[in-house]
Amino acid sequence: MIYLAQPYTHKDPDIMELRYKAALRIVADYTRMEFLIYSPIVHYHNVAKHHNLPCHFDFWRELNLAAISRCTEVWVLPLKNWEKSLGVKAEVKHAEQAYKQITYLWEDARRLGV
């Protein structure tokens with residue numbers, strides 16, 4: 001299974017919504033191509049939004065890192081300012097320490113323009 005890492009948290013809720021929709025697009029596209037892909041953003045965005053849960057990485061850290069441990073590889077969707085994301089940094093570091101294959105989806109990020 002593939003874990004999709006990408007920036008999410010932002011002070012502007014509209015940007016968070018765009019990032020969520022980018023994750024939806026990637027998951028749909030790659031699922032259509034028969035990849036087994038897991039995105040914590042796709043899975044938990046609406047849960048957090050509708051049940052007043054935090055949207056920052058610290059709250060979700062343990063769950064996300066456990067999911068990475070169970071996946072065979074990590075794909076990073078480098079949306080705008082991805083390199084500033086504390087969550088992406090921690091997820092990539094965890095994946096590296098666990099010797100997971102890491103792939104950057106540069107073309108997908110350009111296509112999405114988010």
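The structure displayed is predicted, hence computed values, not measured ones.

(A) Highlighting the overall build of the protein chain. Helix and strand content of the protein chain: five helices and four strands. For the protein chain, the succession of helices and strands along the chain, N to C, is β-α-β-α-α-β-α-β-α. For 114 residues, the compact-globule formula gives about 13 Å, and the C-alpha radius of gyration of the protein chain, at 13 Å, lands near that figure. Principal-axis analysis of the C-alpha atoms gives the protein chain an extent of 35 × 30 × 25 Å.

(B) Here's a closer look at the packing of aromatic side chains. One pass over the full model with this rule turns up nine aromatic pairs. Relative to phenylalanine 35, the ring of tyrosine 30 has its centre 5.5 Å away and its plane inclined at 75°; by these criteria the two rings are edge-to-face. Measuring from ring centre to ring centre gives 5.8 Å for tryptophan 82 and tryptophan 106, while their planes differ by 75°; the resulting arrangement is edge-to-face. On the criterion of sequence distance, the pair formed by tryptophan 82 in the loop between strand S3 (73–76) and helix H4 (86–97) and tryptophan 106 in helix H5 (residues 106–112) is long-range, its members being 24 residues apart. Judged by its relative accessible area of 40%, tryptophan 106 falls in the partly exposed class. An aromatic cluster of at least three residues, connected via ring pairs, comprises Tyr30, Phe35 and Trp75.

What counts and what doesn't
- Residues numbered from 1 in each chain as written.
- Predicted model: local features only at pLDDT ≥ 70, side-chain atom pairs only at ≥ 80, totals over all residues.
- Heavy atoms only, no water.
- Helix = DSSP H or I, 4+ residues; strand = E, 2+ residues; numbered from the N terminus.
- Rg over C-alpha atoms; globule rule 2.2 N^0.38 Å.
- Phe/Tyr/Trp six-rings, centres within 6.5 Å; stacked < 30°, edge-to-face > 60°.
- Buried < 20%, exposed > 50% of the residue type's maximum accessible area, 1.4 Å probe, protein only.

By themselves these figures say nothing about function.
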